[in-house]
Amino acid sequence: MTRVRLKSPYLDSATGSVRWLRGNLHAHTTISDGSRPPEQVIAAYEQLGYDFLALTDHDALAPVREYQTGTRLTLLPGVEVSARGPHILQLGLEAVQEPAVDRQRVLDFITAQGGLAVLNHPNWQWHFNHFPQELMQALNGAAGIEIYNAVIDRLEGAALATDRWDRLLSQDKWVWGFANDDSHYPTDDGRAWNVAQWDASAPPTVAGILETLRAGRFYASTGVSIEMIRVDGPTLHVVAPDAQCIRFVTRWGVVAQTVEAAQASWTAPDTPDVVESLKYVRVECFGMGSRMAWSQPIAIEYQS
Ligand SMILES: [Zn+2]
Ligand SMILES: [Zn+2]
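Trainee: Outline the overall build of the protein, listing residues and values.
Mentor: Across its full length, the protein carries seven helices and 18 strands. The C-alpha radius of gyration computed for the protein amounts to 19 Å, which stays within 12% of the reference 19 Å derived for 304 residues, consistent with globular compactness. Its C-alpha atoms put the protein at 55 × 40 × 35 Å along the principal axes. A total of 304 residues make up the protein; the buried ones form 54% of that total. When contacts within the protein are restricted to residue pairs at least 6 apart in sequence, those whose partners lie at least 24 apart make up 65%. When the accessible area of the protein is evaluated, it comes to approximately 12,300 Å², of which 51% is carbon and sulfur surface. For the protein, the separation between the mean place of its 24 positive charges and that of its 35 negative charges on side chains is 3 Å.

Structure below.
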C-alpha cells in the first residue's frame with residue numbers, strides 16, 4: 001500500500017454541487033489613482049460576468065456597502081496599503097491603517113481583525129524586486145502573493161511571479177497564488193482573475209468568499225478554466241478543457257511532468273524522501289496565446 005498522500009485544499013469538484021466564482025481582488029477608482037468612480041468600475045466587472053470584486057485604492061477605503069445594493073457582484077472591502085513600503089492588499093476590513101514602514105505591523109493589523117493579506121506584484125519595477133524575497137520570506141500572516149499582476153504587463157518588471165512563489169513554498173512559507181488585474185483604466189479589466197470553488201446550494205457572501213480564499217479553494221487564471229481538480233491518494237487529476245498543455249511543478253520549480261492535453265494525472269513517487277525532495281505539486285495549464293491557469297500548491301505527505 002502506498003504511503004504517499006496528497007493534501008488538497010480543493011473540494012472534490014467531481015461530485016456534489018460545486019460552483020466556480022470568478023473575481024478580481026485588486027482594482028483602483030477615483031478615490032486614489034484609478035480613472036473611474038467606484039460605480040463605473042463595479043459596472044464594468046458586472047458586464048464581464050464576474051461574481052466578486054474588491055475595490056482596493058491606495059491607502060483609502062471605498063465604501064462598498066453603499067454600492068452593494070446596486071449590483072449582483074459580491075463586493076469585498078479592500079485597501080492597497082501602499083505608502084512607505086512594498087504594497088500589500090488588505091481584504092475584508094472596513095478600516096484604514098496608517099501604513100507602517102515595518103510591514104509586519106501592517107500584516108499584524110490585518111490578521112488581528114480577521115482580514116486577508118496578499119503581497120503585491122513582487123516583480124514590479126526595473127529591478128524586478130518591488131517585494132524583496134527575503135522580506136516576503138520573513139513576514140508572517142499573509143494569505144498569499146500575487147503570482148500574476150496584469151498591470152505590470154504595461155509597466156517595468158514582470159507580471160508573472162511564480163518564481164518567487166516556488167522559492168517561498170520550497171522554504172516552508174505556505175502561501176496561495178493570486179492573479180489580479182490591478183485595474184486603473186478600462187483597458188486593464190478582465191486580464192487576470194481568481195476562480196473560487198463555492199458550494200452551489202448557498203448564495204455567495206463576503207465572509208464566505210474570504211474563507212474560501214483563505215483556505216486556498218481557488219485557482220488563478222489569465223484565460224484558462226480548470227473544470228476539475230481532484231486527488232485520489234497519491235494521484236492528482238486535472239481537467240482544463242481549454243488547455244493545450246498541463247505541467248506539474250514541484251519543489252524549487254522542478255517540472256515533474258508535462259502533458260500536451262486538456263486533462264492529465266500525476267502520481268507522487270512512493271519513496272520516503274518524497275516530502276523533502278518534492279514537498280508540493282502545483283498545476284500550470286497553458287491555453288491559447290498567453291492564456292494560463294495556476295492551481296494552488298498541493299502538499300505531499302508521507303505516512304511512515
Ligand atoms: Zn501596487
Ligand atoms: Zn494597485
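Okay, back to it.
Trainee: How would you sum up the nonpolar core? Please name residues and give values.
Mentor: Nonpolar side chains tend toward joint burial in soluble globular proteins. Membership of the largest hydrophobic core comes to 38 residues, with the highest contact counts inside it found for Leu 53, Leu 236, Val 238, Phe 248 and Cys 285. Apart from the residues within four sequence positions on either side, Phe 248 is in contact with Leu 236, Val 238, Val 254, Val 255, Ala 256, Gln 257, Ala 264, Ser 265, Trp 266, Val 281, Arg 282 and Val 283. Residues Val 106, Ala 117, Leu 139 and Ala 220 belong to the second largest nonpolar core, which totals 31 residues.

Trainee: Describe the packing of aromatic side chains, naming the residues involved and giving the relevant values.
Mentor: In the structure shown here, the tally under the stated rule is eight aromatic pairs. When the ring of Trp 20 is compared with that of Tyr 219, the centres are 5.3 Å apart and the planes differ by 70 degrees; the resulting orientation is edge-to-face. With a gap of 199 residues between them, Trp 20 in strand E2 (residues 18-24) and Tyr 219 in strand E10 (residues 218-221) connect regions that are remote in the sequence. What makes Trp 20 partly exposed here is its relative accessible area of 22%. Aromatic rings pair up to connect Tyr 45, Tyr 50 and Trp 193 into one cluster. We note Arg 22 situated over the ring of Trp 193; from NZ or CZ to the ring centre the distance is 3.7 Å.

Trainee: Tell me about the pairing of strand E1 (residues 4-7), residues and numbers included.
Mentor: Alternating positions in E1 separate cleanly, Val 4 and Leu 6 being buried on one face and Arg 5 and Lys 7 remaining unburied on the opposite face. Of the pairings in the sheet, the one linking E1 to strand E18 (residues 298-302) comprises four bridges and is antiparallel in character. Residue pairing across strands places Arg 5 opposite Glu 301, the latter belonging to E18.

Trainee: Describe the coordination of the zinc ion (ligand 1), with residues and values.
Mentor: Bound to the zinc ion (ligand 1) on the protein side are Glu 80 (OE), His 87 (ND1) and His 121 (NE2), at distances that span 2.1 to 2.2 Å. Sequence spacing of the donor residues for the zinc ion (ligand 1), all on one chain, is E-x6-H-x33-H. For the pair the zinc ion (ligand 1) and the zinc ion (ligand 2), the metal-to-metal distance amounts to 3.6 Å, and Glu 80 bridges them. Of this pair, Glu 80 sits in strand E4 (residues 74-81) while His 121 sits in the loop between strand E6 (116-119) and helix H4 (133-138), placing them 41 residues apart in sequence. The pair Glu 80 / His 121 is uniform in exposure class, with both members buried.

Trainee: So what's going on with the state of the cysteines? Which residues, and what values?
Mentor: Inspection of every chain in the model, using the stated rule, returns zero disulfides. Note on Cys 245: no disulfide assigned, nearest cysteine sulfur contributed by Cys 285 at a separation of 8.8 Å.

Trainee: Run through helix H5 (residues 162-170), naming residues and quoting values.
Mentor: With seven of nine residues buried, H5 is to be regarded as a mostly interior element. Within H5, burial applies to Thr 162, Arg 164, Trp 165, Asp 166, Leu 168, Leu 169 and Ser 170. The inward-facing, buried residues of H5 abut H4, strand E7 (144-149), strand E8 (176-180), strand E13 (245-249), strand E16 (280-286) and strand E17 (292-294). With its phi angle positive at about 65 degrees, Asp 172 sits one or two positions after the end of H5.

Trainee: With reference to specific residues and values, describe the side chain of Lys 173.
Mentor: Inspection of the secondary structure puts Lys 173 in the loop between H5 and E8. Here Lys 173 sits buried without a salt bridge, and the closest side chain of opposite charge, Asp 172, lies 9.9 Å off (N-O distance).

Trainee: Help me get a handle on the coordination of the zinc ion (ligand 2), residues and values and all.
Mentor: In this structure, His 26 (NE2), His 28 (NE2), Glu 80 (OE) and Asp 182 (OD) serve as the protein donors to the zinc ion (ligand 2), at separations of 2.0 to 2.2 Å. Taken together, the four donor atoms surrounding the zinc ion (ligand 2) define angles of 79 to 170 degrees at the centre, an arrangement classified as irregular. As a motif over one chain, the donors of the zinc ion (ligand 2) read H-x1-H-x51-E-x101-D.

Trainee: Residue-level account of the pairing of E10, with values.
Mentor: Looking down a regular strand, the side chains alternate between one sheet face and the other. Side chains of E10 alternate between two faces, with Phe 218 and Ala 220 and Tyr 219 and Ser 221 buried alike. In terms of strand pairing, strand E9 (residues 193-199) meets E10 through four bridges, oriented antiparallel. Note on E10: the bridge partner recorded for Asn 194 is Ala 220. Across two bridges, E10 lies against E17 in antiparallel orientation. Bridging from a neighbouring strand, Ser 221 pairs with Ala 293 of E17.

Trainee: Any details on the environment of Asp 181? Residues and values, ideally.
Mentor: By the element assignment, Asp 181 lies in the loop between E8 and E9. You can call Asp 181 buried: its relative accessible area is 0%. The spacing of Asp 181 and Met 228 is 47 residues in sequence and 24 Å in space, taken between C-alpha atoms. When sequence neighbours within four positions are dropped, the list of residues in contact with Asp 181 reads Asn 24, His 26, Tyr 45, Tyr 50, Asn 149, Ala 150, Val 151, Asp 188, Asp 189, Gly 190, Arg 191 and Ala 192. Of the polar contacts made by the side chain of Asp 181, one reaches the side chain of Tyr 45; its length is 2.6 Å.

The rules behind these values
- Residues numbered from 1 in each chain as written.
- Chains lettered and ligands numbered in written order.
- Predicted model: local features only at pLDDT ≥ 70, side-chain atom pairs only at ≥ 80, totals over all residues.
- Heavy atoms only, no water.
- Helix = DSSP H or I, 4+ residues; strand = E, 2+ residues; numbered from the N terminus.
- Rg over C-alpha atoms; globule rule 2.2 N^0.38 Å.
- Buried < 20%, exposed > 50% of the residue type's maximum accessible area, 1.4 Å probe, protein only.
- Contact = heavy atoms within 4.5 Å.
- Areas by Shrake-Rupley, 256 points an atom, 1.4 Å probe, with all protein chains shown as cover.
- Lys, Arg positive; Asp, Glu negative; His and termini not counted.
- Charge placed at Lys NZ, Arg CZ, Asp CG, Glu CD.
- Core = buried A, V, L, I, M, F, W, Y, C linked by side-chain atoms within 4.5 Å.
- Phe/Tyr/Trp six-rings, centres within 6.5 Å; stacked < 30°, edge-to-face > 60°.
- Lys NZ or Arg CZ within 6 Å of the ring centre and 35° of its normal.
- Pairing = 2+ DSSP bridges.
- Donors = N, O, S within 2.8 Å, 3.2 Å for Na, K, Ca; no water.
- Disulfide = S-S within 2.5 Å.
- Salt bridge = Lys/Arg side-chain N within 4 Å of Asp/Glu carboxyl O.
- Tetrahedral: all angles 85-135°; square planar, octahedral: opposite > 155°, others 65-115°.
- Polar contact = N/O pair within 3.5 Å; in protein donor to acceptor, adjacent residues only side chain to side chain.

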